[in-house]
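Observations on the model geometry
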Amino acid sequence: MDVVIPVSEHDEQHTDKSAILMMLAYVEAECRRLGVTEAAQHAAQAATILSPSGLGPAPRRKTAPMALPLAPLH
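Summary of the structure given here. (Residues numbered from 1 in each chain as written. Predicted model: local features only at pLDDT ≥ 70, side-chain atom pairs only at ≥ 80, totals over all residues. Heavy atoms only, no water.)

1. Observations regarding the overall build of the protein chain
- When its secondary structure is counted, the protein chain shows two helices and zero strands.
- With 74 residues in all, the protein chain has 11% of them scored as buried.
- Of the roughly 6700 Å² of accessible surface on the protein chain, a fraction of 65% belongs to carbon and sulfur atoms. (Helix = DSSP H or I, 4+ residues; strand = E, 2+ residues; numbered from the N terminus. Buried < 20%, exposed > 50% of the residue type's maximum accessible area, 1.4 Å probe, protein only. Areas by Shrake-Rupley, 256 points an atom, 1.4 Å probe, with all protein chains shown as cover.)

This is how it looks when you write it as structure tokens:
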């Protein structure tokens, strides 16, 4: 028997916001990897605006980024 679990609008908004924050973190990392720092800063700023008020932005590394191959290995 299938069970239907009602999903509140709050849960959907939380899930959507979490997905957007993950996407912005990915965009920021890819921009930094490509050397487009201004675009990376904009993505980080957007994530900071959307993140819950109790949480601060993720800590940034002070070292130079590691070079990654452009072609995926898988």
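Resuming the write-up.
2. What about the pattern of salt bridges?
- Using the criterion set out here, one finds two salt bridges in the structure.
- E30 is paired through a salt bridge with R33; the nearest N and O atoms lie 2.9 Å apart. Here E30 and its partner R33 are both found in helix α1 (residues 9-34), three residues apart, which amounts to about one turn of the helix.
- Since its relative accessible area comes to 23%, E30 is described here as partly exposed.
- Residue R33 is classed as partly exposed on the basis of its relative accessible area, which comes to 31%. (Salt bridge = Lys/Arg side-chain N within 4 Å of Asp/Glu carboxyl O.)

3. Points about a nonpolar patch on the surface
- A surface patch of nonpolar side chains, amounting to about 440 Å² of accessible area, comprises I20, M23, Y26, V27 and L50.
- Residue contributions to the nonpolar patch peak at four residues, all from α1.
- Examined against the element boundaries, Y26 turns out to sit in helix α1.
- With a relative accessible area of 54%, Y26 lands in the exposed category. (Patch = residues over 30% accessible without salt bridge, like charges linked within 9 Å, V, L, I, M, F, W, Y side chains within 5 Å.)

4. Concerning the environment of S51
- Note that S51 resides in the segment after α2 (37-50).
- Counting along the chain gives 34 residues from S51 to K17, while the straight-line C-alpha distance between them is 8.1 Å.

5. Details of the environment of H42
- Following the sequence through the fold, H42 ends up in helix α2.
- Between the alpha carbons of H42 and V27 there is a distance of 9.8 Å; along the sequence they are 15 residues apart.

6. Some points on the side chain of S51
- Given the relative accessible area of 17%, S51 is considered buried.
- There is a polar contact of 3.0 Å between the side chain of S51 and the backbone oxygen of T48. (Polar contact = N/O pair within 3.5 Å; in protein donor to acceptor, adjacent residues only side chain to side chain.)

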